[in-house]
Structure formats: structure tokens, C-alpha cells
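Examining the three-dimensional arrangement
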Amino acid sequence: MDKNVADLRKDYTLQSLSESDINPNPVIQFKKWFDQANSAQLPEPNAMTLATARPDGQPSARMVLLKDFDHRGFVFFTNYNSNKGQELAANPQAALVFWWAELERQVRIVGTVEKISPQQSDSYFEMRPPSSRLGAWASNQSEVIVGREILEQQLQEFQSKYENQEIPRPPHWGGYRVIPTAIEFWQGRPSRLHDRLLYTRRGNHWEIQRLSP
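What you see is a predicted model; the values in this text were computed from it and never measured.

1. Let's talk about the nonpolar core
In terms of nonpolar packing, the biggest core is built from 32 residues, with F30, W100 and V107 touching the most fellow members. Going through the elements one at a time, α2 (26-39), β1 (47-53), β4 (73-79), β5 (93-100), β6 (105-115), β7 (173-187) and β8 (195-202) are the ones with two or more residues in this core. Considering each element in turn, this core owes the most residues, five residues, to α2. Those residues in contact with V107 that sit more than four places away from it in its chain are F30, W33, L96, V97, F98, W100, I183, E184 and F185. Counting 13 residues, the second-largest nonpolar core is a separate cluster that includes V75, F77, A136 and I167.

Following this line, the structure appears as C-alpha cells:
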């Protein structure tokens, strides 16, 4: 065992989390924590791990960016033909993890996944910088390429194609919504006795339980 790695540890002492502190609606509670992370000027507080799985059970995970959330769920955007897009088409379930180290907080979200409407995807795509819109056309995400020059060449081709024109959303690119069935709020505490409060959807309401760390 690498002792340098094994010796890495931090005692969490900043805050606590009790049942009396939280909102009965987990989306409202998430907004409270997200706003605090944003106000603390954390780097990319909307960065989250997205975990998906193939039908055979093999999992995969990667970082993506949260772009919207409300009572319906949590929205991110990607190429529908990417590995994650193909996995979600075959198995429309996912897990999200937010880690705000400076606040010693973690949020875990589990749920089913659906595509958002084309109109909603269009609306967000139009907000993106032109370079990002062109990048969505130039990259066949997750496909093997022989070198970066392939990307640069494809980008130049689309730059020429859409010069002085509106850049439309590619049909293979758009948004997904994770519809939560469970959301866990984790607050680091001393002695590794962390606070964990789990919201589980029961019909039209949420049940709240405390989990042992």
C-alpha cells in the first residue's frame, strides 16, 4: 500500500445537518445548497458525476455540467450518439453526484432519465457561444479518431459552412432530464460520523430518513 495515499485524510468540522434544518422538498433543499456553493465562488459548482450502465450491468461514469433543475428533475446536455447517450437509450436510469469540497458537502441523486423536448434543447443551444455550437457539429463524440487534426479539419469545415449564418442545433445533440426517485444530502462531520439524510419518493410525497455513515 502506498503510505502517501493511505495517509491522506481530513477531518470535517465546518457544519452539521439535522432534520430540523432541511426543507421537506429535496429540490428546494438542493437549491439552497447549490446557491450556497455558487455564492462561495466554488469552481464550477454545477459540475457533477453522471453514472450510467449498459443493459449487461457494466457501469460508466464521467463529469458533465448541470444546466437546469426544477421540480421535474435535473437537466444536462450531450451528444445522443455518445457512449452515455447509447447507454441511456438502452437503460434510461442514472445517478448524479455533486461534490463541493470546500463546504464538505455531497449530494447524490438517483432516478430515471428522459429526453427533454426539442424546443427546450433548441432554446439552450441558442444560448451557447458560437464556438461551442460549432464544436457540437464537429465532434462525433466517443468515436475513435486517428488524431486531433481530424477535429480541427471538421471544425474548419463547419466554420465555413455556417459563416455569417445562424448555427442550428445538430439533430444528434440535446438535453436529458434525470427525474429523481431518491436524493441524499451528505454533510461531513468529525470522526467520519457524517450526516446523511435521504429523501425517497413515495408517490406524490418524499420520505426523509437518516442513514448511518
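2. Structural notes on the packing of aromatic side chains
Counting across every chain of the model gives 22 aromatic pairs. Clustering of aromatic rings is evident, with ring pairs tying together F30, F34, F69, F74, F98 and W100. A cation over a ring is seen here: K115 above Y80, with NZ or CZ 3.9 Å from the ring centre. One cation-aromatic arrangement involves K161 over W137; the distance from NZ or CZ to the ring centre is 5.9 Å.

3. Re the UniProt feature "binding site: substrate" (unreviewed entry) in the chain
Taking the numbering used here, the UniProt-annotated feature "binding site: substrate" (unreviewed entry) corresponds to R9, K10, D11, Y12, K67, Y124, R128, S132, R192, L193 and H194. Considering the C-alpha atoms alone, the annotated residues occupy 186 residues of sequence and remain spread out, their largest mutual distance being 43.1 Å. Note that R9 resides in the loop between α1 (3-6) and α2. From its side chain, R9 meets the backbone oxygen of A6 in a polar contact 3.5 Å long.

4. Observations concerning the UniProt feature "domain: Pyridoxine 5'-phosphate oxidase dimerisation C-terminal" (unreviewed entry) in the chain
UniProt marks residues 173-213 with the feature "domain: Pyridoxine 5'-phosphate oxidase dimerisation C-terminal" (unreviewed entry), using the numbering shown here. Along residues 173-213 one finds 0% helix and 73% strand; the C-alpha atoms at either end are 39 Å apart.

5. Examining the side chain of N79
Structurally, N79 is set in strand β4. Of the polar contacts made by the side chain of N79, one reaches the backbone nitrogen of N81; its length is 2.7 Å. Excluding residues within four positions of it along the chain, N79 makes contact with G85, S139, Q141, H172 and W173.

6. Describing the pattern of salt bridges
Tallying each qualifying case throughout the model produces 15 salt bridges. Taking the shortest distance from any N to any O, the salt bridge between D122 and R169 comes out at 2.6 Å. A residue pair is termed long-range when its members are at least 10 positions apart, and D122 in helix α4 (residues 118-127) and R169 in the loop between α6 (148-161) and β7 qualify at 47 residues. Residue classification places D122 among the partly exposed positions, given a relative accessible area of 30%. For R169, a relative accessible area of 19% puts it in the buried group.

7. Examining the packing of helix α5 (residues 130-138) against α6
Axis separation between α5 and α6 bottoms out at 9 Å; the angle between their running directions is 120°. Judged by the sense of rotation from one axis to the other, the crossing of α5 with α6 is right-handed. When α5 is examined against α6, the residues L134, G135, W137 and A138 are found in contact with a partner set consisting of L151, Q154, L155, F158 and Q159. Of the residues contributing to the contact of α5 with α6, the split by class is six nonpolar, three polar and no charged.

8. Considering the side chain of H194
Along the chain, H194 turns up in the loop between β7 and β8. The class for H194 is buried, based on a relative accessible area of 11%. Looking at H194, its side chain comes within polar contact range of the main-chain nitrogen of R189, at 3.1 Å. In contact with H194, not counting residues within four places along its chain, are Y12, W186, Q187, G188, R189 and P213.

9. Re the pairing of β5
Only one face of β5 is covered, namely the one carrying A94, L96, F98 and W100; the face carrying Q93, A95, V97 and W99 has none of its residues buried. Where β1 lies against β5, three bridges are found, and the strand directions are antiparallel. Note on β5: the bridge partner recorded for T49 is V97. For β5 and β6, the ladder comprises eight bridges, and the chain directions are antiparallel. Of the residues in β6, the one forming a bridge with W100 is R105.

The rules behind these values
- Residues numbered from 1 in each chain as written.
- Predicted model: local features only at pLDDT ≥ 70, side-chain atom pairs only at ≥ 80, totals over all residues.
- Heavy atoms only, no water.
- Core = buried A, V, L, I, M, F, W, Y, C linked by side-chain atoms within 4.5 Å.
- Buried < 20%, exposed > 50% of the residue type's maximum accessible area, 1.4 Å probe, protein only.
- Helix = DSSP H or I, 4+ residues; strand = E, 2+ residues; numbered from the N terminus.
- Contact = heavy atoms within 4.5 Å.
- Phe/Tyr/Trp six-rings, centres within 6.5 Å; stacked < 30°, edge-to-face > 60°.
- Lys NZ or Arg CZ within 6 Å of the ring centre and 35° of its normal.
- UniProt positions renumbered as here; feature names shortened; annotations may be inferred.
- Polar contact = N/O pair within 3.5 Å; in protein donor to acceptor, adjacent residues only side chain to side chain.
- Salt bridge = Lys/Arg side-chain N within 4 Å of Asp/Glu carboxyl O.
- Axes fitted to C-alpha atoms, helices over the stretch in contact; angles between N-to-C directions.
- Left-handed = near helix turned anticlockwise from the far one by under 90°.
- Nonpolar A, V, L, I, M, F, W, Y, C, P; charged D, E, K, R; others polar.
- Pairing = 2+ DSSP bridges.

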